[in-house]
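# A structural walkthrough
Each chain is listed here by its residues.
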Amino acid sequence: MTDALRAALEAATPLLAPLFTLLGSPVTGLELVAFGLSLWMVACNLRVNPLAWPLAMAASALYGLLFAHSRLYGEAALQLFFIAVAGWGWWQWLRGRGGDGQALRVHRMTARARWLALAATLAAWPVVALLLDHATDSDVPWLDALPTVASVTGQLLLGRKLVENWPTWLFVNLVSVVLFAAKGLWLTVLLYALFAALSVVGWRAWRRLAARGAVHG
């Protein structure tokens, strides 16, 4: 753990104090606020509302601290990536252009692009897992690494308004349910179970938008 991370966790100590117990594990104020912001964010994503991106930044900052506190360093580092990419995604949704030079639309990937995204994700998984195994005290490096690398893929697809971000998030959310259950983060388990259900809703909604050639409004 770096000095900067240790200092951030110390500063967040009041938020890490348990508020109540859920299924035998403490739920902190930090986890509760991050939970609410994340649900709001997904609701905005479903409606293709750019407010989702600043909400993503705030939720990611809180979850980064929570995951570091729980020794989920892959997930914690991922939140920093999310914050950085959220700025890019926000700009894409407001100013981005598609291949036709028009305002960025909800659209689909080509079959070749899907296979390339899958191959890149699978190739990155063992790299990140081995890094976590050797460079941190993580006790679940492989399980931590899988949703970490898949989330990078999902975030990039979401930023470009690609329908395939939703099945990617469905996979991430299901694996994350197992990961966070192993850590006793039961409120976050509930959140990711809701995310999984919302991923299906978002997938169906964006498929309809893509079929209509809808432009973000």
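Reference entry: report on the structure contained in this document. Just so it is clear, the structure is predicted and the values come from calculations on it, not from any experiment.

Cut-offs used in this document
Residues numbered from 1 in each chain as written. Predicted model: local features only at pLDDT ≥ 70, side-chain atom pairs only at ≥ 80, totals over all residues. Heavy atoms only, no water. Helix = DSSP H or I, 4+ residues; strand = E, 2+ residues; numbered from the N terminus. Buried < 20%, exposed > 50% of the residue type's maximum accessible area, 1.4 Å probe, protein only. Contact = heavy atoms within 4.5 Å. Axes fitted to C-alpha atoms, helices over the stretch in contact; angles between N-to-C directions. Parallel < 35°, antiparallel > 145°, perpendicular 65-115°, else oblique. Phe/Tyr/Trp six-rings, centres within 6.5 Å; stacked < 30°, edge-to-face > 60°.

Assigned secondary structure in the chain consists of eight helices and two strands. When its helices and strands are written in sequence order, the chain yields α-β-β-α-α-α-α-α-α-α. By residue count, 47% of the 217 residues in the chain fall in the buried class. Partitioning the contacts of the chain with sequence separation of at least 6, the portion at a separation of at least 24 is 68%.

What follows deals with the packing of helix α4 (residues 73-95) against helix α6 (residues 141-159). Viewed as axis vectors pointing N to C, α4 and α6 meet at an angle of 5°, and their least axial separation amounts to 9 Å. One way to sum up the angle between α4 and α6 is to call them roughly parallel. Counted together, Tyr73, Gly74, Glu75, Leu78, Phe81, Phe82, Val85, Trp88, Gly89, Gln92 and Trp93 of α4 and Asp144, Pro147, Thr148, Ser151, Val152, Gln155, Leu156, Leu158 and Gly159 of α6 form the full contact between these two elements.

This part covers the packing of aromatic side chains. Applying the stated rule across the entire model yields ten aromatic pairs. An angle of 65° between the planes, with centres 5.1 Å apart, marks the rings of Tyr192 and Phe195 as edge-to-face. On the criterion of helical spacing, the pair formed by Tyr192 and Phe195 is a turn pair, its members being three residues apart in helix α8 (residues 186-212). Ring pairs connect the aromatic residues Tyr63, Phe67, Phe180, Tyr192 and Phe195, which therefore count as one cluster.

Everything listed is a geometric property; what it means functionally is a separate question.
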